[in-house]
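Overview (structure and organization)
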Amino acid sequence: MRVEVVTLFPELIEQATSHSIVGRAQASGSLELHCINPRDFTSDRHRTVDDYPFGGGAGMVMKPEPVVAAIEAATGGDPTIPVLLTAPDGEPFTQALAQELASLPRLVFVCGHYEGIDERVRDGWITRAVSIGDYVLTGGELAALVMLDATVRLLPGVLGNESSAHEESFEGGVLEYPHYTRPAVFRERGIPEVLTSGHHANVAKWRRTQALVRTRARRPDLWEKLLPLSKADQKLLA
Ligand code: ADE
């Protein structure tokens, strides 16, 4: 998958993506990542990327010319490449959207900044605006990194264990079951006995039960969507 990030802070993206799993995804060729800086598409002496808002008010607005030039450089003018803007008023980012993005051959993230981006850019050059939650960040870089991370780990071959991307929270609409590793007793705290029983069917039942119980207790919103439960799940909770 090839991803371009339009950002005023390319070092932030490059630094954060050079380690761990996303770093390895680049080294192995699963991910090709490029940053494009709108500042490189300015022509004035101060390399200006923002300006005062028409109509007045606090804050600055990202000027359309450098951002659109950067987007066009990112897509090469190919209108089939999705261009996602990070914005607190965008649609919510979800695991389902991460799956959708992971299926694309190419993608452009545009990191918003200052009070916002000239609305004409959104109207003409943005495929969809996406938010990572109901809070306001100082810039879109962290949001783009969150979305990139969630997407890249779903690419084929990126996670060591192929099944681990499918068993976890939100796959199937339930939270993940609890995990334990050695030692079996840590500071007088043991682990659920079933996990050392060697009885795989019982382990699977215990995990499913835990996932359901946690989802009901912690995320009533997800729980509602699980109803009605299957006969098998009802039996586990009985
Ligand atoms: N930019 C500022 N806040 C944001 C948010 N919550 N999600 C995405 N982009 C943002």
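Quick caveat, the model's predicted, so the values are computed rather than measured. (Residues numbered from 1 in each chain as written. Predicted model: local features only at pLDDT ≥ 70, side-chain atom pairs only at ≥ 80, totals over all residues.)

**What about the UniProt feature "binding site: S-adenosyl-L-methionine" (unreviewed entry) in the protein?**
We count it as follows: UniProt positions are given in the numbering used here, feature names are shortened, and annotations may be inferred rather than shown by experiment. Elements are defined by DSSP. Helices are runs of H or I of four residues or more, strands are runs of E of two residues or more, and each kind is numbered from the N terminus. A residue pair is marked as a contact if its C-beta atoms, positioned from the backbone, fall within 7 Å. With C-beta atoms placed from the backbone, the exposure class of a residue follows from how many other C-beta atoms lie within 10 Å of its own: 20 or more, buried; 12 or fewer, exposed; in between, partly exposed.
Taken from the UniProt record, the annotation "binding site: S-adenosyl-L-methionine" (unreviewed entry) applies to Gly112, Ile132, Gly133, Asp134, Tyr135, Val136 and Leu137. Tracing the backbone shows glycine 112 in the loop between β6 (106-111) and β7 (116-117). With near-sequence residues (within four places) excluded, glycine 112 lies in contact with Leu85, Thr86, Ala87, Ile117 and Gly140. Along the chain, the position of isoleucine 132 falls in the loop between β8 (128-131) and α6 (141-152). Accessibility expressed as a C-beta count within 10 Å gives 20 for isoleucine 132, which makes it buried. Ignoring sequence-local partners within four residues, the contact set of isoleucine 132 consists of Phe93, Ala143, Val146 and Met147.

**Some thoughts on the pairing of β6**
The test is simple: Pairing between two strands requires that DSSP report at least two bridges joining them.
Within β6, five of the six residues are buried, which leaves it mostly tucked inside the rest of the structure. Across five bridges, strand β1 (residues 2-6) lies against β6 in parallel orientation. Opposite glutamate 4, over in β6, you have valine 108 as the bridge partner. As paired strands, strand β5 (residues 83-92) and β6 are joined by four bridges and run parallel to one another. Counted as the bridge partner of leucine 85 is valine 110 from β6.

**Observations regarding the sheet that holds β8**
We apply this condition: Note on geometry: axes are lines fitted to C-alpha atoms, helical ones only across the stretch in contact, with angles between N-to-C directions running from 0 to 180 degrees.
Reading across from one edge, β2-β1-β6-β5-β8 is the order of the five strands in this open sheet, with parallel pairing throughout. One side of each edge strand has no neighbouring strand; the edge strands of this open sheet are β2 (32-36) and β8. Each strand axis lies, on average, 35° off the axis of its neighbour in the sheet, ignoring direction.

**Focus: the site of the ligand**
Note the following rule: In this analysis a residue is considered near a molecule or strand if the C-beta atom, reconstructed from its backbone, is found within 6 Å of that molecule or strand. Classification used: nonpolar for Ala, Val, Leu, Ile, Met, Phe, Trp, Tyr, Cys and Pro, charged for Asp, Glu, Lys and Arg, polar for all others including Gly.
In the vicinity of the ligand, the residues found are Thr86, Ala87, Pro88, Gly112, Ser131, Ile132, Gly133, Tyr135, Val136, Leu137, Gly140 and Ala143. With three residues, the single largest contributor to the shell around the ligand is β5. Taken together, the residues of the shell around the ligand sort by class into seven nonpolar, five polar and no charged.

**Some words on the nonpolar core**
We count it as follows: We call a set of buried Ala, Val, Leu, Ile, Met, Phe, Trp, Tyr and Cys residues a nonpolar core when their C-beta atoms link them within 7 Å.
Val6, Ile71, Val108, Phe109, Val110 and Ala144 are the most contacted members of the largest nonpolar core, which totals 43 residues. With near-sequence residues (within four places) excluded, phenylalanine 109 lies in contact with Val3, Val5, Val6, Leu84, Thr86, Ala144, Met147 and Leu148.

**Points about the sheet that holds β7**
Within the open sheet, the three strands sit side by side as β3-β4-β7. Their pairing is mixed. Each end of this open sheet is capped by a strand with a single partner; those strands are β3 (50-51) and β7. Relative to β7, strand β4 (residues 61-62) runs parallel, the two being bridged by two bridges. Opposite methionine 62, over in β7, you have isoleucine 117 as the bridge partner.

**Details of unusual backbone geometry**
At the junction of arginine 182 and proline 183, the peptide bond is cis and its omega measures out at 5° in the coordinates. Summarising the element assignment, proline 183 is placed in the loop between α6 and α7 (200-218). Even without a glycine there, the phi angle at serine 20 is positive, about 55°. Among the secondary structure elements, serine 20 is positioned in helix α2 (residues 20-27).

**Let's talk about α7**
The condition that has to hold: Expected helix span is computed as 1.5 Å times (number of residues minus one). Working note: the arc is built from the helix axis to C-beta atom directions.
Given a rise of 1.5 Å per residue, 19 residues ought to cover 27 Å, and the 27 Å separating the end C-alpha atoms of α7 matches this to within 8%. Among all positions of α7, only Ala211, Leu212 and Thr215 are buried. The buried side chains of α7 occupy one side of the element, clustering within an arc of 90° when seen end-on. Those residues of α7 that are exposed and aimed more than 90 degrees away from the buried face are Ala217 and Arg218. In this fold, the buried residues of α7 make contact with α8 (220-226) and α9 (231-237).

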